[in-house]
Amino acid sequence: MLLAVALAWMCNVTGISCTAPNAEIIQKAYEQEAPSSGVRHDKGLKIVEATCDKGDESKRFLCQVSFVSEDDPDKRLYFDIVSALLTENGWVLTSGLCKR
């Protein structure tokens, strides 16, 4: 309960979105992980759409994302499920999009 109150306060003070993440937020979180992802990180990955659940009390959301890779000559549409978590430092991906 205290964590939820602290996160709500943080959202109001910093202006960080505390609602479900959207495609832009997930894209940014994915790009922030580039240094730690190594060869698994696709610099050409672009999130096209994201649909997320309502989240839980710890601000973890499950999202279905569709994305393309600029490196794919056929420009196929791919799908994945990601877990996004709102932390003190912003949004992070905890699973999905090659996160192990």
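Residues numbered from 1 in each chain as written. Predicted model: local features only at pLDDT ≥ 70, side-chain atom pairs only at ≥ 80, totals over all residues. Heavy atoms only, no water.

## Points about a nonpolar patch on the surface
Thought 1: The grouping of Val48, Leu77 and Phe79 at the surface amounts to a nonpolar patch, some 310 Å² of accessible area in total.
Thought 2: Tracing the sequence through the fold places Val48 in strand 1 (residues 45-52). (Patch = residues over 30% accessible without salt bridge, like charges linked within 9 Å, V, L, I, M, F, W, Y side chains within 5 Å. Areas by Shrake-Rupley, 256 points an atom, 1.4 Å probe, with all protein chains shown as cover. Salt bridge = Lys/Arg side-chain N within 4 Å of Asp/Glu carboxyl O. Helix = DSSP H or I, 4+ residues; strand = E, 2+ residues; numbered from the N terminus.)

## Re the state of the cysteines
Two cysteines joined by a covalent bond between their sulfur atoms form a disulfide.
Thought 1: All chains considered together, the criterion is met by one disulfide.
Thought 2: Here Cys52 engages in a disulfide with Cys63; their sulfurs sit 2.1 Å apart. Taking the sign of the S-S torsion, about 105° here, the bridge from Cys52 to Cys63 comes out right-handed. Here the residue Cys52 occupies a position in strand 1, and Cys63 occupies one in strand 2 (residues 60-69), the gap between them amounting to eleven residues.
Thought 3: For Cys63, a relative accessible area of 1% puts it in the buried group. (Disulfide = S-S within 2.5 Å. Buried < 20%, exposed > 50% of the residue type's maximum accessible area, 1.4 Å probe, protein only.)

## Considerations on the packing of aromatic side chains
Thought 1: Counted under the stated rule, the structure contains two aromatic pairs.
Thought 2: An angle of 55° between the planes, with centres 5.6 Å apart, marks the rings of Phe61 and Trp91 as tilted. Note that Phe61 is positioned in strand 2 and Trp91 in strand 4 (residues 90-95), a separation of 30 residues in sequence. Accessibility assignment for this pair places Phe61 and Trp91 in one class, buried.
Thought 3: Measuring from centroid to centroid gives 5.7 Å for Phe67 and Tyr78, while their planes differ by 20°, and the two rings are stacked. Of this pair, Phe67 sits in strand 2 while Tyr78 sits in strand 3 (residues 78-87), placing them eleven residues apart in sequence. (Phe/Tyr/Trp six-rings, centres within 6.5 Å; stacked < 30°, edge-to-face > 60°.)

## Some words on the pattern of salt bridges
Thought 1: Inspection of every chain in the model, using the stated rule, returns one salt bridge.
Thought 2: A salt bridge links Asp72 to Arg76; the shortest N-O distance between them is 3.0 Å.
Thought 3: Judged by relative accessible area, Arg76 falls into the partly exposed class, the value being 45%.

## Focus: the sheet that holds strand 4
Thought 1: The strand order 1-2-3-4 describes an open sheet built from four strands, whose pairing is antiparallel. Unpaired on one side and paired on the other, strand 1 and strand 4 mark the two borders of the sheet. Across the sheet, the axes of successive neighbouring strands diverge by a mean angle of 40°, strand direction being ignored.
Thought 2: Relative to strand 2, strand 1 is paired through seven bridges, and the arrangement is antiparallel. By the bridge assignment, Ile47 is partnered in strand 2 with Phe67.
Thought 3: In the packing of helix 2 (residues 23-32) onto the sheet, the strands contacted are strand 1, strand 2, strand 3 and strand 4, and the crossing angle to strand 1 comes to about 130°. (Pairing = 2+ DSSP bridges. Axes fitted to C-alpha atoms, helices over the stretch in contact; angles between N-to-C directions. Contact = heavy atoms within 4.5 Å.)

Purely geometric numbers; function is a separate question.
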